[in-house]
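# Descriptive analysis of the structure
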Amino acid sequence: MKKIKAVMVGQPNVGKSSIINAISNARLHVGNFAGVTVEKKEVEVRKGEYEIDIVDLPGIYSLHAYTPEEQVTKRYLLEESYDVIINVVDANVLQRNLVFTLQLLDMRKKTILVVNMVDEVEQKGGHIDAAKLSELLGIPVILTSAKEKKGVDEILDRVIEIYHQPKCGCKIYYNEKIEEEIESLAKILLKSPHFTDYDQARFYVIRLLEKDEDIYRIVHDLPIFLELHEALGEAMRRLQLEFDVEDVRDLFADERNALAKSIVMQVMQLPRQETLTDKIDKILIHPVLGLPIFLFFMWALFQLTFQIGSLPVDYLDQTVTNFANWLKGILPPGDFNSIITDGVIPAVGAIIMFLPNILILFLGINLLEQTGYMARAAFLLDGFLKKFGLQGKAFIPLVSGFGCTVPAYMAARTLKNPKDRLITMLILGFMNCSARLPVYVLLISAFFATNSAGNILFAIYIGGAILGLFVAKILRMVLFKGEPEPFVMEMPPYRFPSLKALAMELWIKAKLFIKKAGTFIAGAAMIIWFLSSYPHHPELESRYLQKIEQVQNSEQKAQLQNELAAKKLELSYLGQFGKMIEPVFAPLGFDWRLSVATISGLAAKEVIVSTLATLYAVAEADEHSSTLVQKLREYVDFKAAVALIVIIMIYSPCVAAMSTFYAEVPQWAWRTFYTIYPNVLAWILAFSVYHVLALLGL
Amino acid sequence: MDITDLKIGEEAIIKKVKAKEPIKGRLHAMGIAKGNKIRLLDHTLKKQTWEVDVEGTRVALRDEEAKAVEVER
Ligand SMILES: Nc1nc2c(ncn2[C@@H]2O[C@H](COP(=O)(O)OP(=O)(O)O)[C@@H](O)[C@H]2O)c(=O)[nH]1
């Protein structure tokens, strides 16, 4: 078995993931690149006697890496060892993609070119001459359509073939004058024993002429550096004079652009016609209609999340309750029975019930992303976000934040400017994540009329977003003075989302959610149950049991039983803890139970629901308040419920999100700030809301 | 003249990209480079953000960047 290591590179949105998914019999691993939290996809395929390992590198526009993710790809290309480069390009925009291909070919590594999305070109009546393209570039060219699974498996054959060739057959050279300078500089580099390979020296010289700092750092410590540096300066001056440019970087950009243009002219016919994207964009980013349409989409998404998502809730609720009762009957009575049927099942059940809501929200966000609408929203909102010291691209992490804060922190990497990134990350927690949805749904159904529920939910989400913007503005004025990063962004064409990819994503989300509910949240529920059931107080119990026996009336019996349960809970470890922290939350109208639930939300926001379920499950014998909703209405007053909603909107996200933030932001000062300020702000705002409501007489 | 002088739907040839690095490099990577055809597709109500088509790629940019791209009809 021979091993071949290949890397897959290409500009964003060329269909690399689709190709990876379309390779047959491949095993996919998803992990992280060493030291950074950038997702690393890797596939292993067997082909004859070869084991081919393909690493999918994050999308990169140019070797002049701009964003942190592009930096990851560039580093990998320069520093890691691999046998073959698979360069994927989008046939629709071949010229722009080839400019990057030409940069890659400077490396003179064994490279194959995969021209994807040919189905779209053919549909437009276009044609690409692969043989001619291959001849001009000097490397193998494959036409593929990941969508129709055409040509994808041929990639492996070409990888094996080129693996056996002695070297890259690239034929691309720049203008003679430029090549002359490159050659004489490369000769200086070759004097150093570190360089034995002319092709590598040539590549380094080109990067140096383009003022690539990563390469500069490598050659900086070589003994020949002084000589090289001087010669480099002279070469640059000569080239600037000769070609009348201000910067040699522009010279290479122009050269590659002109080369790419002439290659495309020779190999491709693509009739220019008004595309579907043109037509749709005329409406969706219309100067006047664009924003209202966008707001309508968002509103519709939250309505759907609530309305459709809540349809199966009663049914699920009943099923869980029945299951718990059934299990209670067959398990032997005792602590184990109790921990399962009173602790874990209701807690997990209280959360599983919200799976439909969460899936609909995720589906909505995925649709935004996959159809290409997300970029339009960024375009529409850029002017607006700029007022708050953010930029349009920040919209993407912000919207992802409605799904889950963890990937949203990672999505913030598309922002290059560190200040922009930090501001965005600091306010991401105000975008309500889907884990908070169960808590809101529970509180809304308990304290608001059913017909206004969707609107209240929308208000909570919008309210969080607006608060985030104001905080961003303040941060920009006080802590991060300066202009936000310029906004330059590709708007991908509208594409009909791949249903298979959508279904896959949803399935993965559902699986992860159920797994989280079954492990982490069940574990948290068990701890909460344990803390709320111990220590036992046999003396108290026997006293009450005596009392209960003495009374005849069954109503009085039930009342005493409730009293006992409430007393036991208050004396439990959790009760003691709750009493301890109660003073902090008392000004918000919280009793110790709400205080404990709030703190438990730091583990995961869904845990608030299960904790409430455990803590308010005391009135077991009370027949007219069987569900959690009814119990909440009974024990919690409206003002405190609203204050709780405000707290949940603002305070620190869960531990998983916090650790992601710590991983992304190395500075201790910002980590500390991030850990403290949302909680202070949450408390202050909840306090104000509580007292304003009190003034209104609610 | 620059991008912001074009009318919606109008086409022109890029003469020069005057932006500073690294934005210039980014514009180049998106296809906004000397000699390429550019067409103005749209702008927001206050003309703060602009959308153009360069050789088949749609790019959104801000006023400042749009003003830095010199074009000729
Ligand atoms: N028509 C067509 N669409 C494709 C093809 N390959 C990918 N796509 C679509 O292009 C979009 C971007 O693809 P993706 O694999 O996410 O790109 P990546 O960013 O390079 O990984 C998705 O909507 C895909 O469904 C193709 O060969 N033909």
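Residues numbered from 1 in each chain as written. Chains lettered and ligands numbered in written order. Predicted model: local features only at pLDDT ≥ 70, side-chain atom pairs only at ≥ 80, totals over all residues. Heavy atoms only, no water.

## Some details on the nonpolar core
As a rule of thumb, nonpolar side chains are buried together in soluble globular proteins. Residues and elements named next belong to chain A. Quick note on the threshold: Nonpolar cores were defined as sets of buried Ala, Val, Leu, Ile, Met, Phe, Trp, Tyr and Cys residues, with membership established by side-chain atoms within 4.5 Å. For the exposure calls, accessible area comes from a 1.4 Å probe over protein chains only, and a residue counts as buried if that area is under 20% of its type's maximum, exposed if over 50%, partly exposed in between. Numbering of helices and strands runs from the N terminus; a helix is a DSSP stretch of H or I covering at least four residues, while a strand is a stretch of E covering at least two. We call two residues contacting when some pair of their heavy atoms lies within 4.5 Å.
Of all hydrophobic cores here, the largest spans 122 residues; its most connected members are Leu 390, Phe 395, Leu 426, Tyr 440, Phe 590 and Leu 632. The dominant element in this core, judged by the number of residues it contributes, is helix H22 (residues 453-478), at 11 residues. Here Tyr 440 is in contact with Asn 432, Leu 457, Ile 460, Tyr 461, Ile 645, Ile 648 and Met 649, once residues within four sequence places are set aside. In terms of nonpolar packing, the next biggest core, distinct from the first, is built from 71 residues, Phe 33, Leu 94, Ile 128 and Tyr 174 among them.

## A look at the state of the cysteines
All names here are of chain A. Quick reminder of the rule: When the sulfur atoms of two cysteines come within 2.5 Å, that pair is taken as a disulfide.
Per the stated rule, a full pass over the model turns up 1 disulfide over all chains. With a sulfur-sulfur separation of 1.8 Å, Cys 168 is cross-linked through a disulfide to Cys 170. Note on the Cys 168 and Cys 170 pair: the S-S dihedral is about 85°, so by sign convention the disulfide is right-handed. Per residue, the accessibility class of Cys 168 equals that of Cys 170, and both read buried. Between Cys 654, a free cysteine, and Cys 433, which holds the nearest cysteine sulfur, the sulfur-to-sulfur gap is 6.5 Å.

## Quick word on empty space enclosed by the protein
It is a probe the size of a water molecule, rolled over the atoms, that shows where empty space is left. Going by this rule: The definitions used throughout rest on a 1 Å grid laid over the protein atoms alone, on which a cavity is an enclosed set of points accommodating a 1.4 Å probe that cannot get out and a pocket is an open set flanked by protein within 12 Å on both sides along at least five of seven lines; lining residues are those having an atom within 4 Å of a point. Grid points are joined across faces, edges and corners, and a volume is the space filled by probe spheres set on the points. Annotation comment: domain bounds sourced from an automatic or database domain assignment.
Evaluation of the coordinates by the stated rule reveals 3 cavities of 30 Å³ or more. Put simply, the largest cavity is a space of about 260 Å³. Along the wall of the largest cavity there are 26 residues; nearest its centre are A:Val99, A:Ala253, B:Gly25, B:His28 and B:Ala29. Of all the secondary structure elements, the ones that give two or more residues to the lining of the largest cavity are helix H3 (94-105) and helix H11 (248-267) of chain A together with helix H1 (23-29) of chain B. Of the residues that make up the lining of the largest cavity, three or more belong to each of domain 1 (2-163) and domain 2 (176-269) of chain A.

## Things to note about the interface of chain A and chain B
Here is the rule we go by: Using a 1.4 Å probe, buried area is obtained as the accessible area two parts lose upon being combined, added over both of them. When a carboxyl oxygen of Asp or Glu is within 4 Å of a side-chain nitrogen of Lys or Arg, the pair counts as a salt bridge. Whenever two N or O atoms come within 3.5 Å, that pair is a polar contact, provided that in protein one can donate a hydrogen and the other can accept it, and provided that, for residues adjacent in sequence, both atoms are side-chain atoms. Note on residue categories: nonpolar means Ala, Val, Leu, Ile, Met, Phe, Trp, Tyr, Cys or Pro, charged means Asp, Glu, Lys or Arg, and polar means any other residue, Gly included.
Tallying the contact residues gives 42 residues for chain A and 37 residues for chain B. The junction of chain A with chain B conceals about 3300 Å² of combined surface from both sides, 50% of it contributed by carbon and sulfur atoms. Viewed at the interface, chain B and chain A are joined by 10 salt bridges. In this structure, the salt-bridge partner of A:Lys261 is B:Glu55, at a minimum N-O distance of 3.6 Å. At the boundary of chain A and chain B, one finds 17 residue pairs in polar contact (both at pLDDT 80 or more). Put simply, the parts of the chain that give the side of chain A that touches chain B at least two residues each are H3, H11, helix H12 (276-284), helix H17 (373-387) and strand E10 (488-490) of chain A. In the side of chain A that touches chain B, the residues fall into 15 nonpolar, 10 polar and 17 charged.

Shape is all these values report; function is a separate question.
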